[in-house]
Amino acid sequence: MGAVSSLLPVFPWDRLEPYKATAAAHPGGIVDLSVGTPVDPVPELIRAALTDAADSHGYPTVWGTPALRDALTGWATDRLGARGLTHAGVLPVVGSKELVAWLPTQLGLGPGDKVAHPRLAYPTYEVGARLARAEPVAYDDPTDLDPAGLKLLWLNSPSNPTGRVLTADELRRIVAWAREHGILVVSDECYLELGWEADPVSVLHPDVCGDSHDGLVAVHSLSKRSNLAGYRAAFAVGDAAVLGELLKIRKHGGMMVAAPVQAATVAALGDTAHVTEQRERYARRRAALRGAFEAAGFRIEHSEASLYLWATRDEPCWDTVGHLAERGILVAPGDFYGPAGDRFVRIAFTATDERVEAAVRRLA
């Protein structure tokens, strides 16, 4: 048996452990701005829905309950502007990372096929290609790629790590090019509800795709907008033919969202008040951290959306990580997201108000 792990890069977060230990030794404790995990409470109405569904003694279905599919189609219509969605155009998944990692394999891609992703990107796009033994290809502008052998094109707007947002015009141009060449576009839109200086647009919006979702899938998550990272609640929306094929495969693989989580997802998508409240928390933390880092000599680039500041001191990223760790602040080195990030760090504003205030004091 060949070790599948040999196909993959070293898990990047393991390299951060010594710096985490340094930051944790600070007299005031660590301020962890690295991973971007939610720290605020799960809204009560979502917890109530989860516990009310706790007596789920039977197996859940991979496609989800009719109530869940109604919630997914309704939310995508209202929030994304998607038209003509039916239950065939939605698919619940066990967290978006699971889908990203296994999508090339589930699509039947393999040696000789190419999977394209942004040059600065969430590492799991590359991991998914390698697990399928396909070739990962990084791009600055996907329309500059050679379309030969290119089967899957990942978009990510708002971007992780940079926070960059693609405009409707940019998305429309890319979608037209991909359709011309028969390339499936999968748009990771998990930060779409966290725009600050831009209003992110879905690839499924009619201004981008017209009245057709052919060749398009959008991926969304409740981890950030509803503090449900621990629930592993996410979903895909778009081309019914693509999602129907994935549904068949996932039925055989038993890749089903737990029934209480399905009920919690229905509650989360049916309420906007908690999303507004959480956005306000993040907006305050973002403003405080941005001001403090800029005053400390950092330059912030992009960062118009998402939960991160993309920052540089014009030095190697690990030097910056070490500098901040000595002050008890842990951030993510930019080269986790590709060599093009080797002079940047990603700063998450998902710490508590108290920890954000501590970081601001230490940077002053």
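Residues numbered from 1 in each chain as written. Predicted model: local features only at pLDDT ≥ 70, side-chain atom pairs only at ≥ 80, totals over all residues. Heavy atoms only, no water.

Colleague: Please set out the packing of helix α2 (residues 44-52) against helix α9 (residues 259-269) residue by residue, giving values where relevant.
Modeller: It is at 7 Å that the axes of α2 and α9 come closest, and there the two elements cross at 150°. Considered as vectors, α2 and α9 are oriented roughly antiparallel to each other. In the crossing of α2 with α9, the sense of the turn from one axis to the other is right-handed. Contacts between α2 and α9 pair L45, I46, A49 and L50 from the former with P260, V261, A263, A264, A267 and A268 from the latter. (Axes fitted to C-alpha atoms, helices over the stretch in contact; angles between N-to-C directions. Helix = DSSP H or I, 4+ residues; strand = E, 2+ residues; numbered from the N terminus. Parallel < 35°, antiparallel > 145°, perpendicular 65-115°, else oblique. Left-handed = near helix turned anticlockwise from the far one by under 90°. Contact = heavy atoms within 4.5 Å.)

Colleague: Summarise the packing of helix α4 (residues 96-106) against helix α8 (residues 240-253); cite the residues concerned and give the values.
Modeller: Between α4 and α8, the least distance of the axes is 11 Å, while the angle of their chain directions is 100°. Here α8 runs roughly perpendicular to α4, going by the angle between their axes. Residue-level inspection shows E98, L99, L103 and Q106 of α4 in contact with α8, the latter providing L246, I249 and R250. In terms of residue class, the contact of α4 with α8 is built from four nonpolar, one polar and two charged. (Nonpolar A, V, L, I, M, F, W, Y, C, P; charged D, E, K, R; others polar.)

Colleague: Requested: an account of the pattern of salt bridges, with residues and values cited.
Modeller: Within the structure shown, the criterion is met by 22 salt bridges. For the salt bridge of R164 with E170, the shortest nitrogen-to-oxygen distance reads 2.9 Å. The class for E170 is partly exposed, based on a relative accessible area of 22%. A salt bridge links R286 to E197; the shortest N-O distance between them is 3.1 Å. Residue R286 is located in helix α10 (residues 273-295), and its partner E197 is located in the loop between β6 (184-188) and α7 (206-209); the two are separated by 89 residues in the primary sequence. Through salt bridges that share partners, E197, R286, R290 and E294 make up one connected network. (Salt bridge = Lys/Arg side-chain N within 4 Å of Asp/Glu carboxyl O. Buried < 20%, exposed > 50% of the residue type's maximum accessible area, 1.4 Å probe, protein only.)

Colleague: So what about the sheet that holds strand β2 (residues 90-93)? Which residues, and what values?
Modeller: Taken in spatial order, the seven strands of this open sheet run β2-β8-β7-β6-β5-β3-β4, and their pairing is mixed. Each edge of the open sheet is held by one strand with a lone partner, namely β2 and β4 (135-139). On average, adjacent strands in this sheet sit at an angle of 20° to one another, irrespective of strand direction. On top of the sheet, α8 reaches β2, β6, β7 (216-221) and β8 (234-238); it is set at about 40° to β2, its chief contact. (Pairing = 2+ DSSP bridges.)

Colleague: Describe the packing of aromatic side chains, listing the residues and the values that go with them.
Modeller: Evaluated as defined, the whole model comprises twelve aromatic pairs. Seen in terms of ring centroids, Y122 and Y125 are 5.6 Å apart; in terms of plane orientation they differ by 80°. Their pairing is edge-to-face. Relative accessible area serves as the criterion here: at 0%, Y125 is assigned to the buried category. Centroid distance Y191 to Y308: 5.6 Å. Interplanar angle 65°. Geometry classified as edge-to-face. With a gap of 117 residues between them, Y191 in the loop between β6 and α7 and Y308 in strand β10 (residues 308-312) connect regions that are remote in the sequence. In this structure, Y191 and Y308 share a single accessibility class: buried. (Phe/Tyr/Trp six-rings, centres within 6.5 Å; stacked < 30°, edge-to-face > 60°.)

Colleague: How would you sum up unusual backbone geometry? Please name residues and give values.
Modeller: Among all residues save glycine, negative phi is the norm, and among peptide bonds the norm is trans. That bond from S157 to P158 is cis: its omega, 0°, falls within 30 degrees of zero. Structurally, P158 is set in the loop between β5 (150-156) and α6 (168-180). At R133, a position not held by glycine, the phi torsion is positive, near 65°. Structurally, the position occupied by R133 is in the loop between α5 (124-131) and β4. One non-glycine residue, D314, adopts positive backbone phi at about 60°.

Just geometry here; none of it tells us what the structure is for.
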